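Single-letter residue listing:
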Amino acid sequence: MDTKKLPHSPKLKSVDIPLEASKSESNRALIINAISGNRSVIRNLSNARDTQTMLRLLSSEETTLDVLDAGTTMRFLTAYSILGEQPKILTGTERMQQRPIHILAKSLKQLGAKIKYLNEEGFPPLRIKPLEHQKTNRLSIRGDVSSQFISALLMIAPALPQGLSLELKGKIGSRPYIQMTLDMMRLFGVQSNWTNNTIEIAPQSYGEYPYMVESDWSGASYWYSFVALADEAKIKLLGLRQKSLQGDIAIVRIMNQLGVMSTFEDDGVVLEKIPHQEELEFDFSDCPDLAQTVAVVCGIKGIHCRMTGLESLRIKETDRIKALKKELKKFKIKLKEVEEGFWEVKSKYQPSEEIIAIETYDDHRMAMAFAPIMTRQPIIIHNPSVVNKSYPGFWEHVDKIRLEK
Ligand SMILES: O=C(O)C1=C[C@@H](OP(=O)(O)O)[C@@H](O)[C@H](O)C1
Ligand SMILES: C=C(OP(=O)(O)O)C(=O)O
C-alpha cells in the first residue's frame, strides 16, 4: 500500500510555504467566467484536482462528465448545465454517488429544467437537459444541508431570463461560502441584494474583469497545526490576505487560542508560537472544513474542546465524524457527542516513539489534519496522494519544514 512515513520531528525549519490557491475561489471563478463566455483572465488558479477537473469538464464536448470526488464541481456543473445547449450526464466516484444533490435538482426542476436520476433517486449520476422555458423566478431552499446548492443557483441566476429570488429556509450552514459567491459575482460585475432570508438577482451579464485567486485558508490551517504542536516553529504562509473572501480565515482567531500568533505582512502571514488556553468552545457551522484540524490539535495538546455545528461533516468526502473518532482513538483521544449536536474532545494522549498508522478514508483533510502529529511522535499516513484533491504540493511542503531531531 502507498504510505508516507513521517519521522518524529519536534523542531521545524523556519521556511516560507507557497500555499496552493483556494479551490473554492477557483471553481467559482471558472463557472462565472464560463457563463460570461470566458472573457476574464483568472490568475493563480488552483492546481487542486477539484479545480483541474472543473477546468477540463467545462471545455469537454463529451456528454458524460465525471467530476470524480469534487463536491463543488458536481454541484456547480449541475446548475451550469441547464444553461447549456446539449444534455449532460454528471457522475462521480462511488462516494460522490452517496452525496446528496436532491435539494439542488429539485430547485432546478422548479425553474423548468428536466433532470433525471440514472441510479438512486436524489443522488448522482443524473441527466440534465438545458432549460427551455423558465417557469418561475421564486425559489425557496433549505440552507442546512450544503451551501453549495445555494452557490450553484446564485451563480447561474443572472443568466436566467427572469433572474432569481431565492429564499433560504431554516438554519444556514457554511454561510461564508454563500457570501464568497455573492462577493465574487460582484467582482465580476453582477449585483445582488441579500435582505433577511432572501437573495435577489436580476438578469444581468458578468463582465470582463481580472481576478487573482488568493491562497487557500483551509490549506493554511494545517500549518497552524504544525506550529501549534511543534516545540520550535516559525512559518510564513505566502499569498494570504488579512481581508479574505474565505470564511476559513477563522483559523486565525481559533489558533490564537490554541497557541499560534498570526502577523500579516504584504505577501503573507507569519505564524509563531504563543501560550495556549486550556479550553476551547467553537461552532463550526461557518467553517466545517476546519473541524478536523482543530479536533486533532486540541486532542494532542490536551485542550478541552467543545464543538458544535458538525452536522455537515457526515456527508463530505467521508463520514468525517466516524473517521475522526476512529483515528483519534489510536492516540487515546475521544470525540464524543455529549448532547445532541454538542461534541467534546477529551484526551489522555501521551507522546511516545511508537509508530502509529493513520487511515485517510479517501479524505484529503484526514491526511493533512493528522500529519502535524509528526511533531510529537513518528506516524505513517496511508494513501497520502489523497491530498491531491485540494493541495497536491502538501507533502513536498512537509518535507521542506522537517528538521530531523
Ligand atoms: O462552496 C464551497 O466552496 C464549499 C462549501 C463547503 O461545503 P458545504 O456547503 O457542503 O458545507 C465546504 O465544506 C467545501 O469544502 C467547499
Ligand atoms: C468538503 C470538501 O469539498 P467538496 O464538498 O467540494 O467535495 C472539502 O474540501 O473539505
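Residues numbered from 1 in each chain as written. Chains lettered and ligands numbered in written order. Predicted model: local features only at pLDDT ≥ 70, side-chain atom pairs only at ≥ 80, totals over all residues.

So, about the overall build of the chain. When helices and strands are tallied, the chain shows twelve helices and 21 strands. Its C-alpha atoms give the chain a radius of gyration of 21 Å, near enough to 22 Å, the size a compact globule of 405 residues would have. Across its three principal directions, the C-alpha atoms of the chain cover 65 × 45 × 40 Å. Restricting the contact set of the chain to residue pairs at least 6 apart, pairs at least 24 apart contribute 72%. (Helix = DSSP H or I, 4+ residues; strand = E, 2+ residues; numbered from the N terminus. Rg over C-alpha atoms; globule rule 2.2 N^0.38 Å. Contact = placed C-beta atoms within 7 Å.)

On to the domain arrangement of the chain. It is common to give the size of an interface as the accessible area that goes away when the parts come together. Each domain of the chain was delimited in the assignment, giving domain 1 (3-20 + 215-401) and domain 2 (23-212). Centre-to-centre separation of domain 1 and domain 2, based on C-alpha positions: 29 Å. Looking at the side of domain 1 that touches domain 2, its residues break down into six nonpolar, seven polar and six charged. (Domains from an automatic or database assignment. Nonpolar A, V, L, I, M, F, W, Y, C, P; charged D, E, K, R; others polar.)

Attention now goes to the site of ligand 2. Taken together, Ala70, Gly71, Thr72, Asp289, Lys316, Glu317, Arg365 and Ser390 make up the full set of residues near ligand 2. Shared between two domains, the shell around ligand 2 holds at least three residues of each, these being domain 1 (3-20 + 215-401) and domain 2 (23-212). (Near = placed C-beta within 6 Å.)

Below, the discussion takes up the sheet that holds strand β15 (residues 268-273). Strand order across the open sheet formed by four strands is β2-β13-β15-β14, with mixed pairing between neighbours. The sheet is open, and its two edges are formed by β2 (16-17) and β14 (260-265), each paired on a single side. Both β14 and β15 contribute to a ladder of six bridges, which runs antiparallel. Opposite Met261, over in β15, you have Glu272 as the bridge partner. (Pairing = 2+ DSSP bridges.)

One open sheet accounts for three strands, arranged β1-β21-β20; its pairing is mixed. Looking at the sheet topology across the chains shown, the edges are occupied by β1 (3-6) and β20 (356-358). With direction set aside, neighbouring strand axes in the sheet form an average angle of 20 degrees. Two elements, β20 and strand β21 (residues 379-382), share three bridges in a ladder whose sense is parallel. Looking at β21, one finds that Ile356 is bridged to Ile379. (Axes fitted to C-alpha atoms, helices over the stretch in contact; angles between N-to-C directions.)

Here we come to the UniProt feature "coiled-coil region" (unreviewed entry) in the chain. Per the UniProt entry, the sites bearing "coiled-coil region" (unreviewed entry) are residues 314-341 in this numbering. Within residues 314-341, the helical portion is 36% and the strand portion 25%, while the C-alpha atoms at the span's ends are 13 Å from each other. (UniProt positions renumbered as here; feature names shortened; annotations may be inferred.)

The next point concerns unusual backbone geometry. In this model, Pro124 is joined to Pro125 through a cis peptide bond whose omega is 5 degrees. Phi at Asn196 takes a positive value of approximately 50 degrees, unusual for a residue other than glycine. Structurally, the position occupied by Asn196 is in the loop between β10 (193-195) and β11 (198-201). Unlike most non-glycine residues, Asp362 shows phi in positive territory, near 55 degrees.

Two elements in contact, helix α5 (residues 147-156) and helix α6 (residues 175-187), have axes whose closest approach is 9 Å; the angle formed by their N-to-C orientations is 15 degrees. Here α5 is positioned roughly parallel relative to α6, judged by the angle of their axes. α6 is crossed by α5, and the crossing has right-handed handedness. Along its contact with α5, which presents Ser147, Ile150, Ser151, Leu154 and Met155, the element α6 presents Arg175, Tyr177, Ile178, Thr181, Leu182 and Met185. (Parallel < 35°, antiparallel > 145°, perpendicular 65-115°, else oblique. Left-handed = near helix turned anticlockwise from the far one by under 90°.)

Around ligand 1, the neighbouring residues are Ser24, Thr72, Ser146, Ser147, Gln148, Ser151, Gly173, Ser174, Tyr177, Pro288, Asp289 and Ser312. Among the elements that line the shell around ligand 1, the one with the most residues is α5, at three residues.

Looking now at helix α1 (residues 23-35). Between its first and last C-alpha atoms α1 spans 18 Å; for 13 residues at 1.5 Å apiece the expected length is 18 Å, and the two agree. Burial of α1 is extensive: 13 of the 13 residues sit out of reach of the surface. Just beyond α1, the residue with positive phi is Gly37, at close to 85 degrees. (Expected span 1.5 Å × (residues − 1). Buried ≥ 20, exposed ≤ 12 C-beta atoms within 10 Å, placed from the backbone.)

As a further point, take the nonpolar core. The biggest cluster of nonpolar side chains holds 70 residues, and the ones touching the most others in it are Trp223, Phe226, Val227, Ile235, Ala295 and Phe370. Among the elements that make up this core, the one with the highest residue count is helix α7 (residues 217-229) (nine residues). Among all residues touching Trp223, those that are not within four sequence positions of it are Ile17, Ile235, Leu237 and Leu271. Residues Ala21, Met155, Leu166 and Tyr206 belong to the second largest nonpolar core, which totals 56 residues. (Core = buried A, V, L, I, M, F, W, Y, C linked by C-beta atoms within 7 Å.)

Further remarks concern α6. For α6, with 13 residues, the first-to-last C-alpha span of 19 Å sits near the 18 Å given by 1.5 Å per residue. Those residues of α6 lying buried are Pro176, Tyr177, Ile178, Met180, Thr181, Leu182, Met184 and Met185. Those residues of α6 hidden inside the fold are in contact with α1, α5 and β10.

Below, the discussion takes up the pairing of strand β16 (residues 279-283). Direction of pairing for β16 relative to strand β17 (residues 304-308): parallel, over a ladder of five bridges. Residue Glu281 lies in a different strand from β17, and its bridge partner there is Arg306.

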